[in-house]
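Each chain, written out:
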Amino acid sequence: MAGNTAVTVIGLGEMGAALAGAFLKAGHSTTVWNRTASKADALVEQGAERAATAAEAAQASPVVIVCLLDYDSVHEVLDPLGDALKGRTVYNLTNGTPEQARETAKWAADLGYDYIDGGIMAVPQIIGTDHAYVLYSGSGTESFERDKPVLSAVGDARFAGTDPGLASLLDLSLLAGMYGMLGGAVQAIAMVRSEGVNAQQFSTELLIPYVTSIAGVVANLARQIDNDEYNVGISAALSMQQVGFRNIVEASRSQGVSSELLDPIQSLMDRRVADGFGSDDFSGVIELLKQNKK
Ligand code: FVH
């Protein structure tokens with residue numbers, strides 16, 4: 001356990017409250033502030049200090065954790081603080097885009113305080129356990145190294161790089177993967193439910209073991225993508241997958257289940273095969289996803 005370090009948590013929604021609880025549990029003096037003050041009550045009972053204002057909270061600790069709904073709320077709370085954040089390191093764990101993170105880092109630099117952006121790769125229930133980790137990025141490498149023992153109270157603290165937008169990009173990319181999986185799971189369950197199959201039994205006995213075993217294929221696709229070689233060491237030819245995928249779409253529809261989650265994937269496969277890349281692996285569809293940066 002790290003020694004007692006003063007930490008402030010601004011924002012006590014589901015996640016902020018879990019973060020503050022983990023700091024308290026690890027023995028850190030924790031000051032909390034939330035727009036709706038009553039959300040601090042349970043934490044105060046556990047030993048947290050309640051700050052009357054966000055400015056008071058910011059001044060209470062060298063390490064200031066911000067976990068609010070979005071960047072609009074972050075700016076609503078932080079912008080009026082003036083000099084209260086001077087000398088502090090702000091770790092903003094609010095979900096946002098890389099662009100928002102970079103803009104906020106620039107804004108903080110102009111005001112003269114350390115700013116590190118973060119992406120929490122955990123749900124509140126597992127904060128403070130070995131299963132939680134948080135990605136951080138920003139120019140304050142020294143601050144991060146100094147604060148790492150404190151930050152580790154909520155989960156493994158992983159520094160991704162000095163670009164403040166990188167943690168967000170990694171976070172959102174991982175969430176893209178997660179939502180792809182969740183969308184696929186809901187589609188699969190809708191299909192079997194159309195014949196009255198029990199969703200929980202299907203998930204535990206078949207879906208989760210299958211998806212878990214197949215996840216290893218991603219490493220192969222990633223290697224192909226890194227090497228720009230979509231036809232080397234292929235797991236399955238796209239032309240074969242395209243035909244099989246059409247059966248999934250048709251079976252869904254005939255079972256009375258919309259194929260709107262599946263249609264974009266079918267369309268990408270069709271285009272890639274029509275472009276002459278049927279003997280490549282699925283990884284080749286990445287070529288169709290590439291667009292100019294906005
Ligand atoms: N909960 C989760 O599973 C995910 C896991 C990964 C990371 N996310 C992100 O964490 C941020 C906070 O999420 P949350 O679960 O704590 O969200 P809520 O419970 O909805 O709490 C929202 C807090 O934001 C405060 N707030 C909203 N708008 C304002 C504003 N204009 N001014 C000041 N504070 C504001 C809200 O305050 P109140 O409504 O209680 O007064 C809560 O403290 C989020 O970015 C997730 O994407 C969570």
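None of the values given here were measured: they were computed from a predicted structure. (Residues numbered from 1 in each chain as written. Predicted model: local features only at pLDDT ≥ 70, side-chain atom pairs only at ≥ 80, totals over all residues.)

**A few points about the sheet that holds strand β6 (residues 114-121)**
For clarity, the threshold we go by: Only when DSSP finds a minimum of two bridges between them are two strands counted as paired. Strands here mean DSSP runs of E at least two residues long; helices mean DSSP runs of H or I at least four residues long; both are numbered from the N terminus. Two residues qualify as being in contact provided that their C-beta atoms, derived from the backbone, are within 7 Å of each other. Interaxial angle, 0 to 180 degrees, is taken between N-to-C directions of lines fitted to C-alpha atoms, where a helix line uses only the stretch in contact.
A sheet is described by the order of its strands in space; here eight strands give the open sequence β3-β2-β1-β4-β5-β6-β7-β8, paired in mixed fashion. Both outer strands of the open sheet, β3 (49-50) and β8 (156-161), are each paired with one neighbouring strand and no more. Here strand β5 (residues 89-92) pairs with β6 via four bridges, running parallel. Along β6, the bridge assignment pairs Thr89 with Asp114. Packed onto the sheet, helix α5 (residues 98-111) meets β5 and β6 and runs at close to 150° relative to β6.

**What about the site of the ligand?**
For clarity, the threshold we go by: Here is the check we use: build the C-beta atom from the backbone, and if it is within 6 Å of the molecule or strand, call the residue near. The residue classification treats Ala, Val, Leu, Ile, Met, Phe, Trp, Tyr, Cys and Pro as nonpolar and Asp, Glu, Lys and Arg as charged. All others, Gly included, are polar.
Within the structure, the ligand sits among 22 residues, and Gly13, Met15, Arg35, Ser73 and Asn95 are positioned closest to it. Among the secondary structure elements, those contributing two or more residues to the shell around the ligand are α1 (14-25) and α4 (71-78). Of the residues assigned to the shell around the ligand, the class counts are nine nonpolar, eight polar and five charged.

**Considering the domain arrangement of the protein**
The condition that has to hold: Domain limits in this description derive from either an automatic procedure or a database domain assignment.
Taken domain by domain, the protein consists of domain 1 (7-162) and domain 2 (170-289). Each of domain 1 and domain 2 was reduced to a C-alpha centroid, and the two centroids are 37 Å apart.

**Some words on the UniProt feature "domain: NADPH-dependent reductive aminase-like C-terminal" (unreviewed entry) in the protein**
Spelled out, the test is: UniProt positions are given in the numbering used here, feature names are shortened, and annotations may be inferred rather than shown by experiment.
Taken from the UniProt record, the annotation "domain: NADPH-dependent reductive aminase-like C-terminal" (unreviewed entry) applies to residues 163-290. Spanning residues 163-290, this segment combines 68% helix with 0% strand, and its end C-alpha atoms are found 22 Å apart.

**Focus on the UniProt feature "domain: 6-phosphogluconate dehydrogenase NADP-binding" (unreviewed entry) in the protein**
UniProt marks residues 7-157 with the feature "domain: 6-phosphogluconate dehydrogenase NADP-binding" (unreviewed entry), using the numbering shown here. Segment residues 7-157 splits into 38% helix and 22% strand. End C-alpha atoms: 15 Å apart.

**Points about helix α11 (residues 263-274)**
Three or four residues apart is the spacing at which side chains of an α-helix point the same way, because the helix has 3.6 residues per turn. What counts is decided by this rule: Multiply 1.5 Å by the residue count of a helix minus one, and that product is the helix's expected span. Residue burial is a threshold on neighbouring C-beta atoms within 10 Å of the residue's own C-beta, all placed from the backbone, with 20 or more meaning buried, 12 or fewer meaning exposed, and counts in between meaning partly exposed. Arc definition: it is the arc formed by the directions from the helix axis to the C-beta atoms.
The terminal C-alpha atoms of α11 lie 16 Å apart, and with 12 residues this matches the ideal 16 Å at 1.5 Å per residue to within 8%. Within α11, the full set of buried residues consists of Leu268, Met269, Arg272 and Val273. Down the axis of α11, the sector holding all buried residues measures 125°, keeping them to one side. Counted as exposed and oriented over 90 degrees from the buried face of α11: Asp263, Pro264, Ser267 and Ala274.

**Re the nonpolar core**
The condition that has to hold: Put simply, a nonpolar core is buried Ala, Val, Leu, Ile, Met, Phe, Trp, Tyr and Cys residues tied into one set by C-beta atoms within 7 Å.
The biggest cluster of nonpolar side chains holds 58 residues, and the ones touching the most others in it are Val9, Leu19, Ala20, Val32, Ile65 and Val66. If you tally residues by element for this core, the top one is α1, at eight residues.

**Regarding the pairing of strand β7 (residues 133-137)**
Our working rule: We call a crossover right-handed when, viewed with both strands directed away from the observer, the connection leading from the first strand over the helix to the second proceeds clockwise.
Along β7, four of the five residues are buried, which leaves the element largely enclosed by surrounding structure. Note that β7 and β8 share five bridges and pair parallel. Paired with Tyr133 across the strands is Asp156, a residue of β8. Once you follow β7 into helix α6 (residues 141-151) and on to β8, the crossover reads as right-handed.

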